[in-house]
Amino acid sequence: MSEALRKLLNQSGPPPVITPHVGVLTLHFQLYGCEDLKAKRKVFTALKAVWGREPDLAVAETADLEALDCATWTIAALGSSTQQITQRLDQVEKAIQERVDAAILDVHREIL
């Protein structure tokens with residue numbers, strides 16, 4: 001627990017209201033030359049290894065699980081403001097474009 005959160009919780013009076021914001025980024029990829037699911041998973045190793053370990057992100061393959069020519073991945077981000085989440089998702093999307101060897105066909109964003 002962070003020191004700032006600990007101070008908020010120890011204050012007397014009504015408990016603080018912490019409203020996290022959630023952003024969802026869904027990327028649809030086109031793959032070429034994958035002969036089996038093992039080869040497909042290897043393309044996205046960096047996606048899970050790098051961004052899956054970030055404390056403010058959750059990463060999962062959410063569709064096209066058995067398809068060899070496409071993949072859909074979703075990244076959820078938590079933050080204290082919609083601006084912070086938008087900036088974070090921009091950063092993640094740009095980094096994915098640079099590191100993942102697959103064409104991005106469609107990008108969908110939603111701030112909850």
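Here is a short report on the structure shown in this document. Keep in mind that this is a model prediction, so the values were computed, not measured. (Residues numbered from 1 in each chain as written. Predicted model: local features only at pLDDT ≥ 70, side-chain atom pairs only at ≥ 80, totals over all residues. Heavy atoms only, no water.)

## So, the side chain of Arg88
- Relative to the elements of secondary structure, Arg88 occurs in helix 4 (residues 82-99).
- Given a relative accessible area of 16%, Arg88 falls into the buried group.
- A distance of 3.1 Å separates the side chain of Arg88 from the side chain of Glu54, its partner in a polar contact.
- Among the polar contacts listed, one links the side chain of Arg88 to the side chain of Gln91, at a separation of 2.8 Å.
- Setting aside residues no more than four positions away along its own chain, Arg88 makes contact with Glu54, Asp56 and Leu57. (Helix = DSSP H or I, 4+ residues; strand = E, 2+ residues; numbered from the N terminus. Buried < 20%, exposed > 50% of the residue type's maximum accessible area, 1.4 Å probe, protein only. Polar contact = N/O pair within 3.5 Å; in protein donor to acceptor, adjacent residues only side chain to side chain. Contact = heavy atoms within 4.5 Å.)

## Digging into helix 4
- If you check helix 4, its first and last C-alpha atoms are 26 Å apart, about what 18 residues at 1.5 Å a residue would give, namely 26 Å.
- Along helix 4, the residues classified as buried are Ile85, Arg88, Leu89, Val92, Glu93, Ala95 and Ile96. Buried residues of helix 4 fall within an arc of 170 degrees about the axis and therefore sit on the same side. Turned more than 90 degrees off the buried face of helix 4, the exposed positions are Gln83, Lys94 and Glu98.
- Its buried side turned inward, helix 4 meets strand 1 (21-30), helix 3 (45-51), strand 2 (57-63), strand 3 (70-79) and strand 4 (103-111). (Expected span 1.5 Å × (residues − 1). Arc of directions from axis to C-beta.)

## So, the pattern of salt bridges
- In total, this model carries six salt bridges according to the counting rule given.
- Between Lys40 and Glu61 there is a salt bridge, with its nearest N and O atoms 3.2 Å apart. Here the residue Lys40 occupies a position in helix 2 (residues 37-43), and Glu61 occupies one in strand 2, the gap between them amounting to 21 residues. Of the two residues, Lys40 and Glu61, both sit in the buried class.
- Where Arg88 meets Glu54, a salt bridge forms, and the shortest distance between an N and an O atom there is 3.1 Å. Linking Arg88 in helix 4 with Glu54 in the loop between helix 3 and strand 2, this pair joins segments that are 34 residues apart in sequence. (Salt bridge = Lys/Arg side-chain N within 4 Å of Asp/Glu carboxyl O.)

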